[in-house]
Amino acid sequence: MASLMEELITVISQENESYERLLGLSSRKTPIIISGDLKTLAEITDEEQHVVADIAKLEHRRQTAMKDIAIVLNKDVTTLKLTDLVRMLDKRPAEQKQLAAERDRLKTIADNVKRVNSQNQALLQSSLEMVQFEMNILQASKRAPETANYTKTAGTSGDVIGPEQGRFDAKQ
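Residues numbered from 1 in each chain as written. Predicted model: local features only at pLDDT ≥ 70, side-chain atom pairs only at ≥ 80, totals over all residues. Heavy atoms only, no water.

Enquirer: Explain the side chain of Glu15 here, please?
Expert: If you trace the backbone, Glu15 turns up in helix H1 (residues 2-35). Given the relative accessible area of 1%, Glu15 is considered buried. Among all residues touching Glu15, those that are not within four sequence positions of it are Ile55, Leu58, Glu59, Arg62 and Leu106. (Helix = DSSP H or I, 4+ residues; strand = E, 2+ residues; numbered from the N terminus. Buried < 20%, exposed > 50% of the residue type's maximum accessible area, 1.4 Å probe, protein only. Contact = heavy atoms within 4.5 Å.)

Enquirer: I would appreciate a short explanation of the pattern of salt bridges in the present structure.
Expert: Side-chain pairing between opposite charges can occur once the charged atoms of the two side chains come close. Applying the stated rule across the entire model yields 11 salt bridges. Close ionic contact of Arg105 with Glu20 constitutes a salt bridge, the shortest N to O distance being 3.4 Å. Of this pair, Arg105 sits in helix H4 (residues 93-142) while Glu20 sits in helix H1; the two residues are 85 residues apart in sequence, bridging distant segments of the chain. Residue classification places Arg105 among the partly exposed residues on the basis of a relative accessible area of 28%. Judged by its relative accessible area of 38%, Glu20 is partly exposed. Several salt bridges share partner residues, and in doing so they unite Glu15, Glu59 and Arg62 into one network. (Salt bridge = Lys/Arg side-chain N within 4 Å of Asp/Glu carboxyl O.)

Enquirer: Explanation requested: a negative patch on the surface in the structure shown.
Expert: A cluster of acidic side chains, namely Asp37, Glu43, Asp46 and Glu47, defines a negative patch on the protein surface. Note on placement: Glu43 falls in helix H2 (residues 38-73). Glu43 gets classed as partly exposed once you look at its relative accessible area, which sits at 42%. (Patch = residues over 30% accessible without salt bridge, like charges linked within 9 Å, V, L, I, M, F, W, Y side chains within 5 Å. Areas by Shrake-Rupley, 256 points an atom, 1.4 Å probe, with all protein chains shown as cover. Lys, Arg positive; Asp, Glu negative; His and termini not counted. Charge placed at Lys NZ, Arg CZ, Asp CG, Glu CD.)

Enquirer: Would you take a moment to explain the environment of Ala100 for this structure?
Expert: With respect to the secondary-structure elements, Ala100 resides in helix H4. Look at Ala100 and you get buried, because its relative accessible area is 15%. For the pair Ala100 and Ile9, spaced 91 residues apart in sequence, the C-alpha separation works out to 9.4 Å.

Enquirer: Honestly, H2 in this entry has me stumped. Any pointers?
Expert: Since the α-helix turns once every 3.6 residues, residues separated by three or four places project in the same direction. Its 36 residues give H2 an end-to-end C-alpha distance of 51 Å, which sits within 8% of 52 Å, the value for a rise of 1.5 Å per residue. Residues of H2 that are buried include every one of Leu41, Ile44, Glu48, Val51, Ile55, Leu58, Arg62, Ala65, Met66, Ile69 and Ala70, and no others. Tucked inside the fold, the buried residues of H2 contact H1 and helix H3 (82-88). Phi turns positive one or two residues past the end of H2, at Asn74, with a value near 60 degrees. (Expected span 1.5 Å × (residues − 1).)

Enquirer: When you look at the side chain of Asn120 in this model, what are you seeing that I'm missing?
Expert: Its place among the elements puts Asn120 in helix H4. At a separation of 2.6 Å, a polar atom in the side chain of Asn120 contacts the side chain of Thr30. Not counting the four nearest positions on each side in its chain, Asn120 is found in contact with Ser26, Lys29, Thr30 and Ile33. (Polar contact = N/O pair within 3.5 Å; in protein donor to acceptor, adjacent residues only side chain to side chain.)

Enquirer: Can you help me understand the nonpolar core in this one?
Expert: One broad rule of soluble globular proteins: the nonpolar side chains tend to lie buried together. Formed by 29 residues in total, the largest nonpolar core has its most connected members in Leu8, Tyr19, Leu85 and Leu99. Counting residues per element, the ones that place at least two in this core are H1, H2, H3 and H4. Of the residues forming this core, the biggest block, 10 residues, is contributed by H1. Leaving out residues up to four positions away in the same chain, Leu99 has contacts with Met5, Leu8, Ile9, Ile12, Leu82, Leu85, Val86 and Leu89. (Core = buried A, V, L, I, M, F, W, Y, C linked by side-chain atoms within 4.5 Å.)

Enquirer: So what exactly am I meant to see when it comes to a nonpolar patch on the surface here?
Expert: Residues Met130, Phe133 and Ile137 make up a contiguous nonpolar surface patch of roughly 310 Å² in combined accessible area. In this fold, Met130 is placed in helix H4. The class of Met130 is partly exposed, set by a relative accessible area of 46%.

These figures come from the coordinates and say nothing about function on their own.
What follows is the structure, given as structure tokens:
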């Protein structure tokens, strides 16, 4: 049981380090999103993907450790949480304190990553809306107004004033 607890604490500690790297990368993205530096944004996103892959591996190791501990304690794997495990370690105060500290650190870092990612998402959404607005302005500026010429049936002919779209007026 002691080696299982040590493995769990080690894995959570490694997860914390990976989440801190992810938080650093996400925080670096914020000013880059604001400045619109797409090349650097792509590079950071690639780095983030590697960190996320590491986190997924560590998460799998943590779940395996929790499953092994649940089997040893004869508890249901699906309902055993870190908080429950901390409460069960009353007779091992050193491990209890260490596990509680790592759990709290993981929760704090994960909350910070979530907050920064939400902020970045809002910035990206705002940038996307600005691009769509500018595209609409450009498309509207290329449209010429229609004439008010009427046809025999009292409808408008829909003729466009100015040059027709798609023509290139230049001498070769």
